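# Remarks on the overall topology
Residues per chain are reported as follows:
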Amino acid sequence: MRYRKRKSGIPLAIELPIKGAGLPSETGAWAQKKKKKGFLHELVHNRILFLMLLPTLLFFLVNSYFPMVGVYYAFTQFDFNSGLFDAPFVGLKNFEFLWKSGTLVKLTLNTIGYNLAFILLGNVLAIVCAILLSELRIKWFKKLTQSIMFLPYFVSFVILSVIVYNVFNYDNGFLNTLLAQFGAGPVDVYNKPSAWIFLIILFYLWKNLGYSMVIYLASITGISEEYYEAAKIDGAHIFQRIWYITVPMLKSTFIVLLLFSLGSIMKGQFDLFYQLIGNNGVLYNTTDILDTYVFRSLKVTFDVGMATAAGLYQSLFGFILIMTVNYIIRKINDDYALF
Amino acid sequence: MKKKAGRKTLATLTTTALALSLLAGCGGNNSNSNANKGSAGTEGKTNTAATTEGNAAPAAETGIDTSKKVELQFYMLGDAPKDLPIIQDEINKMAQEDLNATVKFNYTSWTDWDQKYKLLLSSGQAIDLIFTADWTQYQSYAKRGAFLAIDDLLPKAAPELQKFVPESMWEDVKVDGKIYTVPATFKEYVTNGFVYREDLRKKYNLPAPKDLATYEAYMDGIKANEPDMMPISLNSDIGNNLHYIYTELNKMVGALPYGMGVKYETPTTVYSYWGSDEQKEELKTMKRWADKGFIPKNVLNIKDTMQDPITSGKAASMFGDNPNRFNDMKMKISTTHPEWELAYSPFGRTTGYATPVHPIHNGFAIPKSSKNPERALAFYQKLVLDKRYNQLTQYGIEGKNYTVEGGYYKLVGTSQSNGFSREGMNGWAWRNPEFMLFDKGFDGVKAIFDELDKIQKPDLFLGFAEDYSSYQAEKAALEQVEKQYLFPLEAGLVDDVDKGLETFMQKAKQAGLEKIQAEWTKQWNAYTAEKGIK
């Protein structure tokens, strides 16, 4: 456990299975034992277990840690003639383009803002829907609803963008045709930056709600029926059962999902923004996020150094954020912390 | 030792560094602009400068070592034709015998070709031959050392090719005094001209577009008489489809970046187009066009290609396109809607001059990463000068893919059923005017070329290789500002043009416009001085 803590540069999915395996309760004792005997003893003692861990460890080492060497690109001037380490060192010059146009703060805020809305609204709605669905007693209706809610998840962003375009396009979009039917004037949605804050969140939820709902639905299924029976006998009505049993039981799932999504809070939903907004500069004030900005900047002036610099900025920010949040959560309740 | 290891891992590192930067998973959909570039040039007029001596395939190979068998990696943009494996096998049979080499033809597809192209060059992957053009940033890659200088290699590996390409062309493609690409010798025009529906013009008695005023009058007439039709075909690429066409019509030397202004007649006078009265005039014109309903309100979100709306009859005209693509559209319409009529009016009629393509426009280079530069060049010589190689890769197998009737090329079947259409391998760069076969429909393009020949003036400016390493950060920032504040202006979407322009200029200056412009002007002046342009 300690080994992982020191090395985890980027929070990785490896934490999930370990967490899920119910290790946390043992963590304390395990750590103490290790302190006494030392790491080497531990290695010899549990060699079979470590051997089993080795492939996974190698996998992450090769795929996630070794490539981190490439981060050095962020500080060099890319050159076709020289390798990574003999390229000229330029310090922070590659990061300059991020703030040169004076939009870095706005971009960062946009990215965080949208992600917060996605995470909070997404999770809350998913929990609500999961609870409602789990309380349904008609089986075929439950399955049908679940499937219908899940389907948008498979719609690609490219197709979504076409749908959206056909609904909101000024001249012959669905919305304006409908408004004309009722005798109202047309709305120029593609020139209204403020409208897109809601539209983007709306389409994100539409697309992802079904997916996150299934995760919560699975957790709910895992809650023992006995609690509910006992509560029923004590005379708790349905809302009380939900509020005092289901919701608290979902807390750990919620926190794990929250922590995972916080780690990538600086990584916007690139496809969503890029497909819906694309080249429309009119909307950038409210809809531009780091990913789309970086993509557009470097699409023309492709430069390995600058691209790495942008990626590093995002990763570093995400890293700091998840460390902070995890620290706070561990202070409050150790069991819920990721590490 | 250390260096060697570094090189080996370079490819892995670059790829992962990119993955790290999270740019990798982009489902970008820019096929529209790419498709446009695809037909950068199809055919044209035989080059008078081309000598005839290259005709016979020289059997005796030159002083290169062919003892070891190699496989050459050949990279071209766009999509591979269906029958490529067959052609490749045929080519390899010959190449094996002639050069003890086989070749693998690789294609990038048009989707995100620009990113792929950049990755191919920067990841250190071994590539022996790659397509170059002004629109793939040949000059700047060459300047930054992505390609191998072939000056010394040419006499050794491809002496015939060296003789075949005129000296002036070798001179024109030089970057910093070195040759990095083998230019195509075929002469054509890719200058723009108005494309419009002639049948509608006649029907409503409208003026024929030949300058801005008549074009606007034409669109007025279309708007009034055909309210359901778009007067002009546009998509979100405003810069290329409105702005640069407007400036071409105003005799700018080319698609200049950073709001620089240089007129063809006065190439040594560099000024800032952005913020000038001239630009204000452009923006006000676009505003007027938008107000009149020519430019759709959501133009920045349209992802169609420029040509589709014309061929499907949704739009009546195009602000500008080149003769080849005009001809393609015309041919397409002639089969689907024979009652429609498409006409073309080259800008040369207004501006008084037309520039044939610069040799940089189509070429093939050997990247630094190539393991067999000699063999690559020798193979490329075969591709250009050996009739068997050339016609096989341009037109496919005679009798199976095409036939020659009365000196004209004829496709067997349709482009759908045939696995190799004319120039199916996008072989614009290795066209050999002596071996070229033309479609009957191409006579239309030839007529336009003939007209432009009469007013031709050389394109002296494409050879300018910009070195932006000193203002790379500013450049990236400025491109953003341009997209956010200038494109809406150029599409006539901003109500208050003066105020909008003021905001744009202020943001652009903040991003470092002055530094970029000063540096660019310095480089431009150095270029014109070096080439003796006055």
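On a predicted model such as this, the values are computed, not experimentally measured, just so you know. (Residues numbered from 1 in each chain as written. Chains lettered and ligands numbered in written order. Predicted model: local features only at pLDDT ≥ 70, side-chain atom pairs only at ≥ 80, totals over all residues. Heavy atoms only, no water.)

### Concerning the overall build of chain B
Within chain B, the regular secondary structure consists of 21 helices and 13 strands. Residues counted as buried form 59% of the 534 residues belonging to chain B. Contacts in chain B between residues at least 24 apart in sequence constitute 78% of all its contacts with a sequence separation of at least 6. Carbon and sulfur atoms make up 52% of the accessible area of chain B, which amounts to about 20600 Å² in all. (Helix = DSSP H or I, 4+ residues; strand = E, 2+ residues; numbered from the N terminus. Buried < 20%, exposed > 50% of the residue type's maximum accessible area, 1.4 Å probe, protein only. Contact = heavy atoms within 4.5 Å. Areas by Shrake-Rupley, 256 points an atom, 1.4 Å probe, with all protein chains shown as cover.)

### Observations concerning the sheet that holds strand S12 (residues 408–411) of chain B
Residue and element names in this part refer to chain B. Across the sheet, which stays open at both edges, the three strands sit in the order S11-S12-S13 with mixed pairing between neighbours. Every interior strand has two partners, whereas the edge strands, strand S11 (402–405) and strand S13 (438–439), have only one. As paired strands, S11 and S12 are joined by four bridges and run antiparallel to one another. Following the sheet pairing, Val-404 is matched in S12 by Tyr-409. (Pairing = 2+ DSSP bridges.)

### Quick word on the environment of Phe-319 of chain B
Residues and elements named next belong to chain B. You can see Phe-319 is positioned in strand S8 (residues 317–321). Its relative accessible area of 1% is what places Phe-319 among the buried residues. Put simply, Phe-319 and Pro-309 are ten residues apart on the chain and 13 Å apart in space, counted from C-alpha to C-alpha.

### Topic: the domain arrangement of chain B
Segmentation of chain B into domains returns domain 1 (14–36 + 64–187 + 360–441) and domain 2 (238–275 + 471–534). Between domain 1 of chain B and domain 2 of chain B, the C-alpha centre-to-centre distance is 32 Å. (Domains from an automatic or database assignment.)

### Digging into the sheet that holds strand S10 (residues 363–365) of chain B
Residues and elements named next belong to chain B. With respect to topology, five strands assemble into an open sheet ordered S2-S1-S3-S10-S4, the strand pairing being mixed. The open sheet is flanked by strand S2 (101–107) and strand S4 (181–183), the only strands paired with a single partner. Averaged over all pairs of adjacent strands, the angle between strand axes in this sheet comes to 25 degrees, irrespective of strand direction. By the bridge criterion, three bridges tie strand S3 (residues 129–132) to S10 in an arrangement that is antiparallel. Across the sheet, Thr-132 pairs through a bridge with Gly-363, a residue of S10. Along the sheet, helix H16 (residues 373–385) contacts strand S1 (70–76), S2, S3, S4 and S10; its crossing angle with S1, the most-contacted strand, is approximately 60 degrees. (Axes fitted to C-alpha atoms, helices over the stretch in contact; angles between N-to-C directions.)

### Thoughts on the UniProt feature "domain: DUF3502" (unreviewed entry) in chain B
In the numbering used here, UniProt assigns the feature "domain: DUF3502" (unreviewed entry) to residues 461–528 of chain B. Taken end to end, residues 461–528 of chain B comprises 74% helix and 0% strand; its first and last C-alpha atoms sit 8 Å apart. (UniProt positions renumbered as here; feature names shortened; annotations may be inferred.)

### Quick word on the packing of helix H13 (residues 238–263) of chain A against helix H17 (residues 304–332) of chain A
Residue and element names in this part refer to chain A. Running from N to C, H13 and H17 point in directions that differ by 155 degrees, and their axes come no closer than 8 Å. Classified by the angle their axes make, H13 and H17 are roughly antiparallel. Listed contacts from H17 to Ile-255, Leu-259, Leu-262 and Gly-263 of H13 are Gly-318, Leu-321, Ile-322, Val-325, Asn-326 and Ile-329. Broken down by class, the residue content of the contact of H13 with H17 amounts to seven nonpolar, three polar and no charged. (Parallel < 35°, antiparallel > 145°, perpendicular 65-115°, else oblique. Nonpolar A, V, L, I, M, F, W, Y, C, P; charged D, E, K, R; others polar.)

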